[in-house]
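# What the coordinates show
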Amino acid sequence: MEEIIFWMEDAADSGVKKIADKVAGDVELVTDRRPRVLYGTSQEELADVAERAETVIVPATVGKSRLLEQMEEEKRIGLEQIRGKRECYGWFFLNDPEWHGTQILLIAGSDKRGTIYGLFHLSELLGVSPFVDWCGIRPPHREHVGLRASMACVAGEPSVRYRGFFINDEWPAFGNWTFSHYGGFTAEMYDLIFETLLRLKGNYLWPAMWTSSFSLDGPGEENARLADCYGIVMSNSHHEPCLRHSEEWDLVRGEDSVYGNEWSYLTNREGLIRYWRDGLLRSGKYENIITIGMRGERDSLMLGEDASLEQNISLLKEIITEQRKLIR
């Protein structure tokens, strides 16, 4: 009989499936034995899987799981503490004669991120550091992974809604690292960054920006698609409005460009409005926090040194007003 099997419904979010596979890798890191990750559609299939393992771990998300609905209808679990909440999860241990004495750990998330955090809670209990992929950190070896009903818990909503970091001043350290290992600021690299962020119970990232464009380097939109898959909320740094990246401007500007050639709202108003609008159309379908405002190119003044404070305020108010119209 296998020690642990992960089982989830075919309809589970792709990000939850990816994280379940990573947590199975954590179990292997601790025990040298990798659990299988299986998929199905019904309680009957789950019962069949239960014949083959000591413990079956079942991640599921409220509103996206027929299994959770059935369990609640049959009064095997209660989801009142997490339903309608943000990024919560519950660990429920189930024992039933039809499951041949196998222990079922049901990890129920209030949403996709909640389910992912519930999966990584298992990694924490195994002694796997959130920085397991960095600095050679490895958990102590265990011959056996034992889960007890006393580990049942419900995690409440995070007190801070957006939790993450900004990959700032990425050269030389981060830039050299990602080019030597991943060939650039690619989705393969961001997969590791997103994993680390989720292990830390984060959900929010400002990406590197000195020589990179998050929405182009995946290649293409692969970075943004991967962030959406994992439930990572993306934004931009302090001078990258309307989901456009600082480095993008140099790629699309020009005398013959539809965006014009000057990063100046006074001389190139229509070009910049089109540039911001196209960024919102491209990336607005993902979960983002949109930066607004503007500053001069490469930290320069937008108006000349002789401009008054009133003139600067008036210009910025007009810019923000137009950007808010675009967002609406």
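Below or above, wherever it landed, is the structure these notes cover.

Criteria and cut-off values
Residues numbered from 1 in each chain as written. Predicted model: local features only at pLDDT ≥ 70, side-chain atom pairs only at ≥ 80, totals over all residues. Heavy atoms only, no water. Buried < 20%, exposed > 50% of the residue type's maximum accessible area, 1.4 Å probe, protein only. Helix = DSSP H or I, 4+ residues; strand = E, 2+ residues; numbered from the N terminus. Pairing = 2+ DSSP bridges. Salt bridge = Lys/Arg side-chain N within 4 Å of Asp/Glu carboxyl O. Arc of directions from axis to C-beta. Contact = heavy atoms within 4.5 Å. Polar contact = N/O pair within 3.5 Å; in protein donor to acceptor, adjacent residues only side chain to side chain.

### Some thoughts on the pairing of strand 5 (residues 103-109)
Taking burial as the measure, the 7 residues of strand 5 include 7 buried ones, the bulk of the element. Of the two faces of strand 5, the one holding Gln103, Leu105, Ile107 and Gly109 and the one holding Ile104, Leu106 and Ala108 are both buried throughout. Sheet topology note: the strand 3 (residues 53-61)/strand 5 ladder contains 7 bridges and is parallel. Bridge pairing links Thr55 to Gln103 in strand 5. Relative to strand 5, strand 4 (residues 89-94) runs antiparallel, the two being bridged by 6 bridges.

### Things to note about the pattern of salt bridges
A side chain of one charge can pair with a side chain of the opposite charge if their charged atoms are brought near each other. Here the structure, examined in full by the defined rule, presents 31 salt bridges. Between Glu322 and Arg269 there is a salt bridge; the shortest N-O distance is 3.5 Å. Taken together, the residues span a long stretch of sequence, with Glu322 in helix 10 (residues 309-327) and Arg269 in helix 9 (residues 269-283) at a distance of 53 residues. Here the salt bridges do not stand alone but share partners, grouping Lys22, Asp26, Asp191, Glu195 and Arg199 into one network.

### Things to note about helix 3 (residues 66-73)
For helix 3, the full list of buried residues reads Leu67, Leu68 and Met71. Summarising the axial view, the buried residues of helix 3 lie within an arc of 100°, below the 170-degree limit, and thus occupy one face. Those residues of helix 3 that are buried lie in contact with strand 1 (2-9), helix 2 (43-50), strand 3, strand 4 and strand 5. The backbone nitrogen of Leu67 has a side-chain oxygen 3.3 Å away, supplied by the residue at the start of helix 3, namely Ser65. Just downstream of helix 3, Lys75 is the residue with a positive phi angle, here 60°.

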